[in-house]
Each structure stands twice: as C-alpha cells, then as structure tokens.
Amino acid sequence: MTSMVDEAIAWRRLRPLFEEEALGDHSAEAIAFDLLSGEQLVIRQEPRRAARLERAPAQHLGCATEAASATGATVWDSAHVVCRYLEARPSAVRGRRVVELGAGAGLVSCVAWRLGAASVVATDRPEMLALLRANCEANCPSADGARRAVRVHAHMWGGEGADALAAGGVDTILAVDCVYDQGAVEPLMQSIAQLMRFSPRATALVAVDEQYRRPHAALLFMSLLAQYHLSAVPVSMEGLDSR
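The sections below set out a description of the structure shown in this document. (Residues numbered from 1 in each chain as written. Predicted model: local features only at pLDDT ≥ 70, side-chain atom pairs only at ≥ 80, totals over all residues. Heavy atoms only, no water.)

Let us now look at the overall build of the chain. Check the secondary structure of the chain and you find 10 helices and seven strands. Counting every position in the chain, which comprises 243 residues, the buried fraction comes to 49%. (Helix = DSSP H or I, 4+ residues; strand = E, 2+ residues; numbered from the N terminus. Buried < 20%, exposed > 50% of the residue type's maximum accessible area, 1.4 Å probe, protein only.)

Structure below.
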C-alpha cells in the first residue's frame, strides 16, 4: 500500500515535468554539488521527512508546525543559486566570519567553508542538527588543524543565544530560503538584527525563492527593515550558471 509520504516523494519527482526544472533532486537520498574548483560536495538529504511539507495544508505551514514539516531536510533550489553566487563573489565569505541561519542540510555553509571563510557557524532547529552536522563533518574536514571545522548550533529564530553565535564576531550572515512564512518573518528579522548588534559592520545575504514561496512573506520582510534599523540592497544574479 502506498503511503502519503511515498505519494509526496512521487509528486516531487513529477513536478519538474510541468514546472521549471528543479536544480536538485529533492527526492534523492543525497545530491552532489560540483564546485567550480573541481571539488565535489555530497550532501545527504532526508526526503521522507521533507515530503511531509508537500502533504501539509497550506494554513498549517507556519512557525507552530514548522518542525513537523522538516523543511530543512532537503536542499532547495535557492541554495544552489546562492552557492554559485558565492563562487562568483568569494570575497563575500573568504576570510570572513560567517553565520548561517536556517542552514538546513548545510550545502551553503559547506560551500562558504570551502571558499575560505575564516569561520562558519551553521544553525537550525534542534531536530535538524543531526543531518546538518553529518553533512558539515563529511564535507568540511579539518584533520590538518589548519582551520576550525564548521560549528553547528541550535538556534530558534527570535530566541536567545545570538551572543553565542556571534562569539568572536560576525562578518557575513546567510539566510537562504528562510523567508517563506509570514509567521516566521519577524523572528528571522530579530535574529539578524541581534547578530548585527554584536557586529554592526556585518552584512546579511538573504535569498528568497519566489517560485516556491509566498510573496506576502517577502513583502513583510522588506516592510520590517526600517523598524529594525536595517536597509536592503538588491544583488544581481545575472550571468550565474546555477547548474
């Protein structure tokens, strides 16, 4: 008998046939990401957990049930695009202290580390840390002791603990595909603002995938910037080869 989760995984496989083709296989147990340097990262996913998102009623995808939806268990398309952006503009992370909010499976944090970030702190909800830690350990080895491994921390947006994430300073804050639910927008903004209070010169790179996410969340995010004494500058993705 086919379960609802199996049906959701099948839906993930079929959807690219009648929409724009996805950049990664959300139904795979792992994906390979080839860096322009020739190195390859292998990121493990948990598609059976992530598939719950497809079956959940739209009104139940807010903060209160986000843990059940397991959105971070797969690599979303915006992560592929941001990784190519960082490869094209490595100065955004090279030699810089990086904190990623909502790191999910960890692809972007791993790419930032491979591009020479001075330090990387990858954060997500407590129940996502096992997958995140496994991927960071597998793709960011520090056996030679030359550079510190990626640090993995639990952090709930808007909650306490930003001071621990900012220990030693922060230069670049990454939030990739985190603006998707109106109820989660202000907590995310609070975490960004908290980190910037510890490091006023920090820059946050926030990426929104409009194909999958609801536009009201992005509009709310932009409307809150002034309230938190922040400003936004759009960045161009033109000319990037996300493949």
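Right, picking up where we left off after that structure.
In space, the five strands of this open sheet follow the order β5-β4-β3-β6-β7, with parallel pairing throughout. One side of each edge strand has no neighbouring strand; the edge strands of this open sheet are β5 (151-154) and β7 (203-207). Pairwise comparison of adjacent strand axes, ignoring direction, gives a mean angle of 20° for this sheet. Where strand β3 (residues 97-101) lies against strand β6 (residues 172-176), four bridges are found, and the strand directions are parallel. Bridged to Val-99 within β6 is Ile-173. Contacts from helix α5 (residues 77-88) reach β6 and β7 within the one sheet, and its direction differs from that of β7 by about 140°. (Pairing = 2+ DSSP bridges. Axes fitted to C-alpha atoms, helices over the stretch in contact; angles between N-to-C directions. Contact = heavy atoms within 4.5 Å.)

Glancing now at α5. End to end, α5 covers 17 Å across 12 residues, agreeing with the expected 16 Å (1.5 Å per residue, within 8%). Among the 12 residues in α5, 10 count as buried, and that is most of the element. Those residues of α5 that fall on the buried side of the exposure criterion are Asp-77, Ser-78, Ala-79, His-80, Val-82, Cys-83, Arg-84, Tyr-85, Leu-86 and Glu-87. In the core, the buried residues of α5 are packed alongside β1 (30-34), α6 (107-114), β6 and β7. (Expected span 1.5 Å × (residues − 1).)

Another point: the nonpolar core. Formed by 38 residues in total, the largest nonpolar core has its most connected members in Leu-86, Leu-107, Val-108 and Val-111. Broken down by secondary-structure element, the contributors of at least two residues to this core are β1, β2 (40-44), α5, α6, β4 (119-124), α7 (129-139), β6 and β7. Take this core: its biggest share by element is six residues, from α6. Residues in contact with Leu-107, not counting those within four places in the same chain, are Phe-33, Leu-41, Ile-43, Val-75, Ala-79 and Cys-83. By size, the runner-up hydrophobic cluster in this structure holds 28 residues, among which are Ala-175, Ala-202, Phe-221 and Leu-225. (Core = buried A, V, L, I, M, F, W, Y, C linked by side-chain atoms within 4.5 Å.)

What follows concerns the pairing of β1. Because side chains alternate across β1, one face comprises the buried residues Ile-31 and Phe-33, and the other comprises Ala-30, Ala-32 and Asp-34, none of which is buried. Two elements, β1 and β2, share five bridges in a ladder whose sense is antiparallel. Pairing of Asp-34 across the sheet is with Gln-40, part of β2. As consecutive antiparallel partners, β1 and β2 are separated by five residues, and within that stretch Gly-38 has a phi angle of approximately 100°, a positive value.

Looking at the element boundaries, Phe-221 is found in helix α10 (residues 215-224). Along the chain, Phe-221 and Leu-188 lie 33 residues apart, while their C-alpha atoms are 8.9 Å from each other. Other than its neighbours up to four places away in sequence, Phe-221 contacts Val-179, Val-185, Leu-188, Met-189, Ile-192 and Val-206.

With that settled, the discussion passes to the pattern of salt bridges. With the rule as written, the count across this model stands at six salt bridges. Note that Arg-44 and Glu-46 form a salt bridge whose closest N and O atoms lie 3.7 Å from each other. Residue class for Arg-44 comes out partly exposed when judged on its relative accessible area of 36%. The closest approach of N and O atoms between Arg-97 and Asp-171, which form a salt bridge, is 2.9 Å. Linking Arg-97 in strand β3 with Asp-171 in the loop between α8 (162-165) and β6, this pair joins segments that are 74 residues apart in sequence. The exposure class of Asp-171 is buried, given its relative accessible area of 18%. Each of Asp-124, Arg-125 and Glu-127 takes part in one network of salt bridges that share partners. (Salt bridge = Lys/Arg side-chain N within 4 Å of Asp/Glu carboxyl O.)

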